There are 2 protein chains.
Amino acid sequence: MAKIEKTTSASKNSVEDQTNEQVLMPVPYLLFLGDCQIEEAAKTAFGLVQWRRELCIGQLRLSDCKIDVGLSDVTIQQATSMGAKSLVIGVVNAGGFISDEWVSYFVEALDAGLDLVSGMHQSLSDIPALKEAARRNGQKLIDIRSNTRNFETGTGRKRSGKRVLTVGPDCAIGKKYSALSIEQSLRDLGVKADFRATGQTGVMIAGRGIAIDAIVSDFMAGAAEWLSPDNDPDHWDVIEGQGSLFHPAYAGVSVGLMHGSQPDALVICHQPGRKNIISVENYELPSLRDCIELNMAMAKLTNPAVKTVGVCANTSKLSAQEAEVAIRAIEDEVGLPCCDPVREGTEKIAKYMLEIYN
Amino acid sequence: MAKIEKTTSASKNSVEDQTNEQVLMPVPYLLFLGDCQIEEAAKTAFGLVQWRRELCIGQLRLSDCKIDVGLSDVTIQQATSMGAKSLVIGVVNAGGFISDEWVSYFVEALDAGLDLVSGMHQSLSDIPALKEAARRNGQKLIDIRSNTRNFETGTGRKRSGKRVLTVGPDCAIGKKYSALSIEQSLRDLGVKADFRATGQTGVMIAGRGIAIDAIVSDFMAGAAEWLSPDNDPDHWDVIEGQGSLFHPAYAGVSVGLMHGSQPDALVICHQPGRKNIISVENYELPSLRDCIELNMAMAKLTNPAVKTVGVCANTSKLSAQEAEVAIRAIEDEVGLPCCDPVREGTEKIAKYMLEIYN
């Protein structure tokens, strides 16, 4: 663990990093999975393990937890003796509330000298037992979704630099992984690029950003404008999309983020075989074509020149062979490069982007 | 003033009124116009004068104020001697912040025994001088945009009862007036109907509702669902629309409200001759047809049976004769009833709604 820096920090790769707030989370982390029952709810923990494996020293699961993110199961005491500095709540739920059953574990963690990191809507310091335990031990309660900054309302003004936004037909389909992978692919090609985190997990991974769904709705677009400010003409902001235009609970967030991001390029995140919108009943996923069409129609408001430049396929439920077939079928259908960012990265899409924007 | 009730209160006309919070504003009101320069920014004051004239006893204007809402100019002292109980901030600005120059007037009002009512985003009690003056005098600071209730995220579940939503190509174009007029027209026709306020002025007029643009974005649709709960099959909720799908700052709010409202019917608010989106630069208004088309496309997600049932024309800048010509032209263009809610009410639209939904 000796090589791990004291806190996460975003890489410096552009002229305006100073405008993006830093979120300081002491490392390494113990990931709390609680009583999590489904994979989608553990996306924070999975995301940290996928993209910041070196910062995660173990997972803490309650007896009825059905999820395993592939770390050693450790107690709070074991974790601290291994050097853990923060307990990170690695699960989410609709609404973002902290379960009463979790509080005693969090108090134990604070008493053991860990900071507590949460991506929930509910503020940790609103829970008296946690506030008191943090005070008693001199530990920090870190709410990733809390924004101390006041944003302006959106202006719609065209900014310099290039922007790509990942969008999709549903939540938890791969928008964050795709954006992180595109940032990596662009950098590997020698292009200046910055991942712009817009959700709690993305902010934890990047060490900066804004949880856009926690912003007061009047300021969503303005916050998104702030997140990807004017930049060099050849610099790419790779913006993590949120929600879906087809989700009855979250489409408004998707629109506010999209309009403020004014993307030059859209990457569509798609999961072959997924039929229904998650976390609500009776909403079917749109076809890939309908998804592209509506996203393009909405994005044109703040960037009439927007183009769809590729499809990121989430083939996590398919075999390697099935995935290859699915990806080829998507490329044939839409005439754009398609790749699975986890299996193969996104070099194909990054090259195509550079080709059409140079 | 003797006949005025002690506080505003919504009329009781449906099974579920108890679910809608009451906002208590002691009446009558002195309306504060500050240094307002443009009519659109005084929409709160104009709205109260239009719909609650009997509750407004005067206006307070600073020397550089360019707006007159048609009330007597009175000082704070004159207002209190005439029985005023609240100073209502009757102007808005982008971002909803309280100007430093206003604070001394507000302190004077609190010292004179008035409560202070604000529809701004910024909380009155965040301003130390106001907090102290309210405490000192035992007066109330009433923030219309503050929500003490926790909302759930949206479910997209179909609710019973009927809903009509007013939408339009821009802000400050007549969505609130149209909704208030449609409520009145439906009631005049013997139909159970409730205006559902979604903005600070609407909440002040109705005495209840939610300022949807002050809701954390993840909960917009859920809050809109809460605002028009299950109801009798023949009951109409008449929901005040917000923003515009074509506004680069606020379209996300419009979408969240629309999806949560799951309208059966849309009424399009239109201003003949308006060319540009307000409060931003370089955004043109869409055509009436494009406005209908995009609103219908987005509304179908949570109510595939949605219909556009009429156009409310804002002809405030036209002569009576010009207005008549404009209204006839709109009816010819879209084949739907069109009326100006302020000049003539909305009986035509209400009758058409009842015809196609019976």
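Residues numbered from 1 in each chain as written. Chains lettered and ligands numbered in written order. Predicted model: local features only at pLDDT ≥ 70, side-chain atom pairs only at ≥ 80, totals over all residues. Heavy atoms only, no water.

Under an unreviewed UniProt entry, chain A has the name N-acetyltransferase DgcN and belongs to Hyphococcus lacteus.

Asks: Please give an account of the packing of aromatic side chains that cites residues and values.
Replies: Scanning the entire structure with this criterion turns up 14 aromatic pairs over all chains. Considering the side-chain rings of Trp236(A) and Tyr357(A), the 5.3 Å spacing of their centres and the 80 degrees angle between planes classify their relative orientation as edge-to-face. You can see Trp236(A) sitting in strand β8 (residues 236-239) and its partner Tyr357(A) sitting in helix α12 (residues 347-357), a full 121 residues away along the chain. Like Trp236(A), the residue Tyr357(A) is buried in the burial classification. Aromatic pair Phe151(B) and Trp226(B): ring centres 5.3 Å apart, planes at 75 degrees, arrangement edge-to-face. Of this pair, Phe151(B) sits in the loop between β5 (141-143) and β6 (162-167) while Trp226(B) sits in helix α7 (residues 220-227), placing them 75 residues apart in sequence. On the basis of relative accessible area, Trp226(B) is assigned to the buried category, the value being 18%. Joined through ring pairs, the aromatic side chains of Phe32(A), Trp102(A), Tyr105(A) and Phe106(A) make up one cluster. (Phe/Tyr/Trp six-rings, centres within 6.5 Å; stacked < 30°, edge-to-face > 60°. Helix = DSSP H or I, 4+ residues; strand = E, 2+ residues; numbered from the N terminus. Buried < 20%, exposed > 50% of the residue type's maximum accessible area, 1.4 Å probe, protein only.)

Asks: How would you explain the interface of chain B and chain A if you had to name every residue and give the values?
Replies: Across the boundary between the two partners, chain B contributes 36 residues, which contact 36 residues of chain A. Summed over both partners, the interface of chain B with chain A buries about 2900 Å², with 62% contributed by carbon and sulfur atoms. For the pair chain B and chain A, the interface holds two salt bridges. At the surface where chain B touches chain A, the tally comes to 12 residue pairs in polar contact (both at pLDDT 80 or more). Elements with a contribution of two residues or more to the side of chain B that touches chain A: α7, α8 (251-261) and α9 (288-299) of chain B. Per element, the largest residue contribution to the side of chain B that touches chain A is six residues, and it comes from α8(B). Of the residues that constitute the side of chain B that touches chain A, the class distribution is 21 nonpolar, 12 polar and three charged. (Contact = heavy atoms within 4.5 Å. Buried area = accessible area lost by both parts, 1.4 Å probe. Salt bridge = Lys/Arg side-chain N within 4 Å of Asp/Glu carboxyl O. Polar contact = N/O pair within 3.5 Å; in protein donor to acceptor, adjacent residues only side chain to side chain. Nonpolar A, V, L, I, M, F, W, Y, C, P; charged D, E, K, R; others polar.)

Asks: Now, about the relation of the copies chain B and chain A: what can you tell me, with residues and values included?
Replies: Once chain B is rotated about the relating axis by 180 degrees and shifted along it by 0.0 Å, it coincides with chain A to within an RMSD of 0.0 Å. Such a combination of rotation and displacement between the chain copies is what one expects of a two-fold axis. A shared binding surface is used by both copies, with 100% of the interface residues of chain B retained as interface residues in chain A. (Least-squares fit on C-alpha atoms with pLDDT ≥ 70 in both.)

Asks: Residues and numbers for the UniProt feature "domain: D-glutamate N-acetyltransferase-like C-terminal" (unreviewed entry) in chain A, please.
Replies: Within this numbering scheme, the UniProt entry marks residues 153-349 of chain A as carrying the feature "domain: D-glutamate N-acetyltransferase-like C-terminal" (unreviewed entry). Secondary structure across residues 153-349 of chain A divides into 38% helix and 15% strand, with the first and last C-alpha atoms of the span separated by 33 Å. (UniProt positions renumbered as here; feature names shortened; annotations may be inferred.)

Asks: Hey, could you go over the domain arrangement of chain A for me, with residue numbers and the actual values?
Replies: Residues and elements named next belong to chain A. Domain annotation for chain A reports domain 1 (24-143) and domain 2 (162-357). For domain 1 versus domain 2, the separation of C-alpha centres amounts to 28 Å. Across the boundary between the two partners, domain 1 contributes 19 residues, which contact 15 residues of domain 2. Across the domain 1/domain 2 interface, buried area totals approximately 1400 Å², and carbon plus sulfur atoms make up 64% of it. Here domain 1 and domain 2 share zero salt bridges between them. Our count for the contact surface shared by domain 1 and domain 2 stands at three residue pairs in polar contact (both at pLDDT 80 or more). Only α1 (43-51), β3 (86-89) and β4 (115-118) provide two or more residues apiece to the side of domain 1 that touches domain 2. In terms of residue count, the dominant contributor to the side of domain 1 that touches domain 2 is α1 (seven residues). Considering only residue class, the side of domain 1 that touches domain 2 consists of nine nonpolar, six polar and four charged. (Domains from an automatic or database assignment.)

Asks: Could you give me a rundown of the pattern of salt bridges, with the residues and numbers involved?
Replies: Here the structure, examined in full by the defined rule, presents 42 salt bridges over all chains. Between Arg135(B) and Glu132(B) there is a salt bridge whose closest N-O contact spans 2.9 Å. Placement of both Arg135(B) and Glu132(B) in helix α4 (residues 128-137) is noted, with a separation of three residues, approximately one turn of the helix. Note on Arg135(B): relative accessible area 58%, which makes it exposed. Taken together, the shared-partner salt bridges in this structure form one network comprising Asp111(A), Glu132(A), Arg135(A) and Arg136(A).

Asks: Can you lay out the nonpolar core for me, pointing to particular residues and giving the numbers?
Replies: Judged by nonpolar contacts, the single largest core of 83 residues is most densely connected at Leu266(A), Met298(A), Leu266(B) and Met298(B). Those residues in contact with Met298(B) that sit more than four places away from it in its chain are Leu294(A), Met298(A), Leu245(B), Val255(B), Met258(B) and His259(B). (Core = buried A, V, L, I, M, F, W, Y, C linked by side-chain atoms within 4.5 Å.)

Asks: Before we move on, could you go through the side chain of Lys176(B) and cite the residues and values that matter?
Replies: Residues and elements named next belong to chain B. Residue position: lysine 176 is located in helix α5 (residues 175-188). Despite its burial, lysine 176 pairs with no opposite charge; the closest candidate is glutamate 240, at 4.5 Å N-O. Setting aside chain neighbours within four positions, we find lysine 176 in contact with Phe195, Thr201, Gly202, Ile205 and Glu240. (Lys, Arg positive; Asp, Glu negative; His and termini not counted.)

Asks: How would you explain the state of the cysteines if you had to name every residue and give the values?
Replies: On inspection of all chains with the given rule, the structure shows zero disulfides over all chains. With no disulfide partner, Cys291(A) has as its closest neighbouring cysteine sulfur the one in Cys269(A), 8.9 Å distant. (Disulfide = S-S within 2.5 Å.)

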